[in-house]
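A closer look at the structure
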Amino acid sequence: MPRTVRDVVFVDGVRTPFGKAGPKGIYHETRADDLVVKAIRELLRRNPGLDPARIDEVAIAATTQIGDQGLTLGRTAGILAGLPQSVPGYSIDRMCAGAMTAVTTTAGAIAFGAYDVVLAGGVEHMGRHPMGEGVDPNPRFVSEKLVDESALFMGMTAENLHDRYPTITKLRADEYAVRSQEKAAKAYANGRIQQDLVPISVRRTDPAGGETGWGLSTADEPMRPGTTLANLATLKTPFRPHGRVTAGNAAGLNDGATASLIAAEDFAREHGLPVKMRLVSFAYTGVEPEVMGYGPIPATEKALAKAGLSIGDIGLFEINEAFAVQVLAFLEHYGIADDDARVNQYGGAIAFGHPLASSGVRLMTQLASQFEEQPQVRYGLTTMCVGFGMGASVIWENPHFDGGDK
């Protein structure tokens, strides 16, 4: 029998504060699955009108699906969070776009009518599980020249993208990084970020053999307010001698988790759930793996075409800042200024951090907040590059749109 496609909406999203990976990071002694559990529980607390038994699926992404990020994380995290055992779950891996894929995959099922409401998110504990841990790339990739060897090292792909866009200098990348830090600090000062953060109890052991203590993580650890161009100019370029990519103009190695509620719009309104964004279209595409940072450009072209929109219709951009050059390449392609006010208004991953598979929902949560503040904006874009040569883009409509500019 014919089916009617249902409108899909972003109901709510939360995340843990993002931490620095490694022994000195806030989550060094915290399990990855516990971070997901905290995010899920906070979503349920914030939306008491949703009966947990009505959740149709839990889709949780992780890039390195091993240890406390393995064992079908969507299912196990759901049980640990106290969801009824009748609620199923599964895991997803699309590297950096894991959480974004969790959202769009379950959204397709909602639109089809298989689901009414789902939990979708992601986690990456890069301190416990460095990117690439336990993997064994097939030697054919290099021996048969299927990909350039640099494709296996994300920093080298960023240097390659600088080569492709020679007008994007190290200075431009550093200037962009400084602005990201400044915008993130301003967003914190204005209370724009804290509302969607889940405080996390963290256990720390004194490395000198002192007492073990507990603390509360309430803010992103990687932020470096007060960063200057002079500071960034002194940093090493670890991926190429005299290169352009540094620890200052790229996201770091981070730990953190995100979670969101995605629902059919009719279900959300019937159950009194907020409608923060409406899904318009999404697209994924592949590019040469050695310039994976180029991926958002064709992915956005594809998503715009499917929606019947142009780049001029997009009033707000949330672009993941894996590397400054990746954002700048996107902006240069579309003729958008490096400091355009529509782009990453709260700052981005260079400041907050980028725990790989979790970041897609951070972009969505920040865009949803901006939609609420700016009803004159109709459409927004969340987009990111993806390891091994892919791009991911999702276009959203502002349900608060009042007929203003875009």
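Calculation criteria
- Residues numbered from 1 in each chain as written.
- Predicted model: local features only at pLDDT ≥ 70, side-chain atom pairs only at ≥ 80, totals over all residues.
- Heavy atoms only, no water.
- UniProt positions renumbered as here; feature names shortened; annotations may be inferred.
- Helix = DSSP H or I, 4+ residues; strand = E, 2+ residues; numbered from the N terminus.
- Buried < 20%, exposed > 50% of the residue type's maximum accessible area, 1.4 Å probe, protein only.
- Pairing = 2+ DSSP bridges.
- Phe/Tyr/Trp six-rings, centres within 6.5 Å; stacked < 30°, edge-to-face > 60°.
- Lys NZ or Arg CZ within 6 Å of the ring centre and 35° of its normal.

Per an unreviewed UniProt entry, the chain goes by the name acetyl-CoA C-acyltransferase and belongs to Streptomyces albipurpureus. Comment text from UniProt for the chain, heading Sequence similarities (unreviewed entry), reads "Belongs to the thiolase-like superfamily. Thiolase family."

Mapped onto this numbering, the UniProt entry gives "domain: Thiolase C-terminal" (unreviewed entry) at residues 275-397. Between the first and last C-alpha atoms of residues 275-397 the distance is 11 Å; the span itself is 33% helix and 26% strand.

Bringing the pairing of strand S11 (residues 379-386) into the picture now. For S11, the tally of buried residues reaches eight of eight residues, placing the bulk of the element in the interior. Going residue by residue along S11, you find Tyr 379, Leu 381, Thr 383 and Cys 385 tucked away on one face and Gly 380, Thr 382, Met 384 and Val 386 tucked away on the opposite face as well. The pairing of S11 with strand S12 (residues 390-397) spans eight bridges and is classified as antiparallel. Following the sheet pairing, Cys 385 is matched in S12 by Gly 391.

This brings us to the packing of aromatic side chains. Tallying each qualifying case throughout the model produces six aromatic pairs. Here the aromatic rings of Phe 141 and Phe 388 are separated by 5.2 Å at their centres, their planes lie at 75°, and the arrangement is edge-to-face. Taken together, the positions of Phe 141 in helix H4 (residues 140-143) and Phe 388 in the loop between S11 and S12 put the pair 247 residues apart, joining distant regions of the chain. When its relative accessible area of 26% is taken as the criterion, Phe 388 is described as partly exposed. Each member of the aromatic cluster is reached from another via a ring pair, and the members are Phe 317, Phe 330 and Tyr 334. In this structure, Arg 15 packs its charged tip against the face of Phe 18, placed 4.4 Å from the ring centre. Geometry around Phe 352 places Arg 15 over its ring, the cationic atom sitting 5.4 Å from the centre.

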